[in-house]
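The lines below spell out each chain.
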Amino acid sequence: MTIGLNIMEDARNCSRELVFLKMEQLVCDMQNPETGVPLRRQKMFLTTIPSAFLAYDLVEWLMDKLNIEEMEAVHLANLLCQHGYFFPVGDTRSLAIKDDGSLYRFQAPYFWPSHHAPDNTDYAIYLLKRSMKNKQKHSLEDYEQEALARLKKLLLHKWDFITLQAEEQVNTSKDKKKSDKLVLDSQEKSYWRVHRPPPGAINCLEKTPVASSKKVKKRTIESLRRERALLIQSLNRPWVKTSQVIESLLNHCQEYIEFDSFVVGVLPSNPWITEDTTLWTLNNREVEVPTEQRVKLWAVSLEDLLNDATGVKEFERYLRSEYSVENIMFWKAVQSLRRGGKSDIEKKVHDIYNEFLSSNATCEVNLDSSTIQCVQEAMKTPSRYTFDSALLHVYSLMEKDTYPRFLKSPHYRDLLLNALHPAQKKKFFNFGAGMKKRMVSAVGAGKRSKNPSHLSGSSVDLSHMSHSLEEEPGSMSSRHSHSTSDLHDLGIPGENNLASSRLSSPSGSRDNVPEDNPHTLQVPRLSPSGSDRESTSDHVSLEVPTRPPVPTPASVVAPWEAMEQP
């Protein structure tokens, strides 16, 4: 692809005129009748296409003329097509070369980028001319119709001149041959496809608003050597198959999907939505009792266990019970060295070596001789990474020995059994509270006597008859049975007792009505002595309002208004 890259590099370093000159010289060689690309009339089914050539003839000509490979020839042909030096005959929407039997046609020199600059007036004449022709063959696309409407507003002061020019060109084209007319129409359409492409299409002729100030560095022998060494290193690097990478990613996702907050949510609630900080309290770095999800995450890998401060504390507690705490202590010391200050590095390196690796170490770590020798060599220049080889060996020992025993130990099972199970907080909608308040306010608004004389000394508690919407629906029958039994204790017959009393005595509903006031209902209450028998002297008299006569539609009175009337 050296030719194509050279042209693009010339476009960066030289002027656009020089680039166009090189490309046009190559196109002129292609159009040579003797040594150029074979140009002839092509037959397709029942039609004949004049002045066309095949795509693979162009690619073969570039390969033979420039002595380049097929891929480079296709790339160079695409650059020439995108700049508008030739175009596909059938489909002018995609300016690309296909190395097959597709037909292409050279662009007239008048429409080359260096010979003719596009103008809004010319584009408006072209669009208006197409709208005047046969709409089935020359119909405008959506973006072209929008462009024509914008140009009409922009060039309204000379729109009459544009209309006259379009009509003149349409009348002139009628006198031409059909073949010449087809070639000219396709050339003009391809020209505006290059200079006025549809939205989202590539435009190689578009100029940048600001000139690039980036200077191209000259390539030296040293830079070429470095590039060569990098390429050799990349060739010798082991590669993993894509199928294996995808399989490992799927396994990783399936393993951690239970702990993904975006998938399973967070418990008890999301603090960013509910403003409840319980989640942060339960998942602090160090807690006394961890959550169940946190303890389960420790069993996924040793890395997840060591990344959790509470997990490290529990793992160290278990290792102390087995008298094998030296590995985790060495791991914590090396992590402190890596994250500590720069001034204390040398002192910490010697302290860690004396405590864990020397022959007289108080908490000696089990390492082989080669690892200890590697650490001793690294201690000549102490740094944060002096004990990396020893840490890798200790980590593998914990992963293969102590970590599996920790997961099978009673200590881990107790942590899992005693872990917290945060439940999601439910929202209770107390629909009955507002209704009760409205009922109480409506009852209190009526005009009633505060302490009637016939209710003095009697206290009837009917609070058990109020139904709360927060209770379960299953307790409805129990409430009904309790209320019925309480009414029976008070001497008030329930539904069954009232029905039986009515059947036994037709006038039973009027027995408790005094003769002096037929609209008064006497309700028996418990006797002061506590006995269950009814006392006729201790009746509670309740006034029953009389039924008002049927009002006329003009004087409708509500029941509560009738009660308030004196």
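Residues numbered from 1 in each chain as written. Predicted model: local features only at pLDDT ≥ 70, side-chain atom pairs only at ≥ 80, totals over all residues. Heavy atoms only, no water.

The name an unreviewed UniProt entry gives the protein is Regulator of G-protein signaling 7, with Oedothorax gibbosus as the organism.

**Here's the deal with the overall build of the protein**
If you tally the helices and strands in the protein, you get 25 helices and six strands. The burial tally for the protein puts 30% of its 566 residues in the buried class. In the protein, of all internal contacts separated by at least 6 residues, the share reaching a separation of at least 24 is 59%. About 39,800 Å² of surface is accessible on the protein, with carbon and sulfur atoms providing 55% of the total. (Helix = DSSP H or I, 4+ residues; strand = E, 2+ residues; numbered from the N terminus. Buried < 20%, exposed > 50% of the residue type's maximum accessible area, 1.4 Å probe, protein only. Contact = heavy atoms within 4.5 Å. Areas by Shrake-Rupley, 256 points an atom, 1.4 Å probe, with all protein chains shown as cover.)

**Some points on the confidence of the model for the protein**
On average, residues of the protein score 74 in pLDDT, and 68% of them are at 70 or above. Here residues 427–433 is a poorly scored stretch, pLDDT under 50, and it has three contacts once near neighbours within four places are set aside; other chains count. In the model, residues 526–540 has pLDDT below 50 throughout and makes 20 contacts with residues more than four positions away in sequence or in other chains. (pLDDT = per-residue confidence, 0-100.)

**Looking at helix α6 (residues 142–154)**
Spanning 13 residues, α6 covers 19 Å between terminal C-alpha atoms, matching the ideal 18 Å at 1.5 Å per step. Residues Tyr-143, Glu-144, Ala-147, Leu-148 and Leu-151 constitute the buried set of α6. Projection of α6 onto a plane perpendicular to its axis shows the buried side chains occupying an angular sector of 140°, all on one side. In α6, the exposed positions that point more than 90 degrees away from the buried face belong to Asp-142, Arg-150 and Lys-153. (Expected span 1.5 Å × (residues − 1). Arc of directions from axis to C-beta.)

**Topic: a negative patch on the surface**
A surface patch of negative charge is lined by Glu-60, Asp-64, Glu-69, Glu-70, Asp-99 and Asp-100. Along the chain, Asp-99 falls in the loop between β3 (86–88) and β4 (103–106). The class of Asp-99 is partly exposed, set by a relative accessible area of 35%. (Patch = residues over 30% accessible without salt bridge, like charges linked within 9 Å, V, L, I, M, F, W, Y side chains within 5 Å. Salt bridge = Lys/Arg side-chain N within 4 Å of Asp/Glu carboxyl O. Lys, Arg positive; Asp, Glu negative; His and termini not counted. Charge placed at Lys NZ, Arg CZ, Asp CG, Glu CD.)

**Overview of helix α9 (residues 221–236)**
Here α9 is 16 residues long and its end C-alpha atoms lie 23 Å apart, about the 22 Å a rise of 1.5 Å per residue gives. For α9, the tally of buried residues reaches only zero of 16 residues, placing the bulk of the element at the surface.

**Considering the packing of aromatic side chains**
The tally for this structure, following the rule as stated, stands at 17 aromatic pairs. Geometrically, the ring pair formed by Phe-53 and Phe-86 is edge-to-face, given 6.0 Å between the ring centres and 80° between the ring planes. Note that Phe-53 is positioned in strand β2 (residues 47–54) and Phe-86 in strand β3, a separation of 33 residues in sequence. Here Phe-53 matches Phe-86 in class, with each residue buried. (Phe/Tyr/Trp six-rings, centres within 6.5 Å; stacked < 30°, edge-to-face > 60°.)

**Observations regarding unusual backbone geometry**
That bond from Leu-267 to Pro-268 is cis: its omega, 5°, falls within 30 degrees of zero. Note on placement: Pro-268 falls in the loop between α11 (261–264) and α12 (271–274). Phi at Asn-67 takes a positive value of approximately 55°, unusual for a residue other than glycine. With respect to the helices, strands and loops of the structure, Asn-67 is situated in the loop between α3 (55–66) and α4 (70–82). Since its relative accessible area comes to 70%, Asn-67 is described here as exposed. If you check the backbone angles, Glu-275 has positive phi at about 60° while not being a glycine. In this fold, Glu-275 is placed in the loop between α12 and α13 (278–282).

**Observations regarding the nonpolar core**
Counting residues in each nonpolar core, the largest one holds 37 residues, and the members touching the most others are Leu-306, Phe-315, Ile-328, Phe-330, Phe-356, Phe-387 and Met-398. If you list the elements that add at least two residues to this core, you get α14 (292–298), α15 (302–306), α16 (309–321), α17 (326–339), α18 (345–357), α20 (388–408) and α21 (410–417). Listed in part, the 28 residues of the second largest apolar core include Ile-68, Ala-77, Ile-97 and Phe-106. (Core = buried A, V, L, I, M, F, W, Y, C linked by side-chain atoms within 4.5 Å.)

**Considerations on the packing of helix α5 (residues 120–132) against helix α8 (residues 178–195)**
Helix packing geometry: the angle between the two helix axes and the distance between the axes. Packing of α5 against α8 brings their axes to within 12 Å, and their N-to-C directions diverge by 130°. Relative to α8, the element α5 lies oblique. At the point where α5 passes α8, the crossing takes the left-handed sense. Of the residues in α8, those touching α5 at Asp-122, Tyr-123, Tyr-126, Lys-129 and Arg-130 are Glu-188, Lys-189 and Trp-192. Classifying every residue of the contact of α5 with α8 gives three nonpolar, no polar and five charged. (Axes fitted to C-alpha atoms, helices over the stretch in contact; angles between N-to-C directions. Parallel < 35°, antiparallel > 145°, perpendicular 65-115°, else oblique. Left-handed = near helix turned anticlockwise from the far one by under 90°. Nonpolar A, V, L, I, M, F, W, Y, C, P; charged D, E, K, R; others polar.)

**What about the pattern of salt bridges?**
All chains considered together, the criterion is met by 14 salt bridges. Residue Glu-227 pairs with Arg-219 through a salt bridge whose shortest N-O separation is 2.3 Å. With relative accessibility at 36%, the residue Glu-227 sits in the partly exposed group. Arg-219 gets classed as exposed once you look at its relative accessible area, which sits at 58%.

**As for the pairing of β4**
The alternating pattern of β4 places Leu-103 and Arg-105 on one face and Tyr-104 and Phe-106 on the opposite face, and all of these are buried. Bridge count between β2 and β4: two bridges; the pairing is antiparallel. By the bridge assignment, Phe-53 is partnered in β4 with Tyr-104. Relative to β4, β3 runs antiparallel, the two sharing three bridges. If you follow Phe-87 over to β4, its bridge partner there is Arg-105. (Pairing = 2+ DSSP bridges.)

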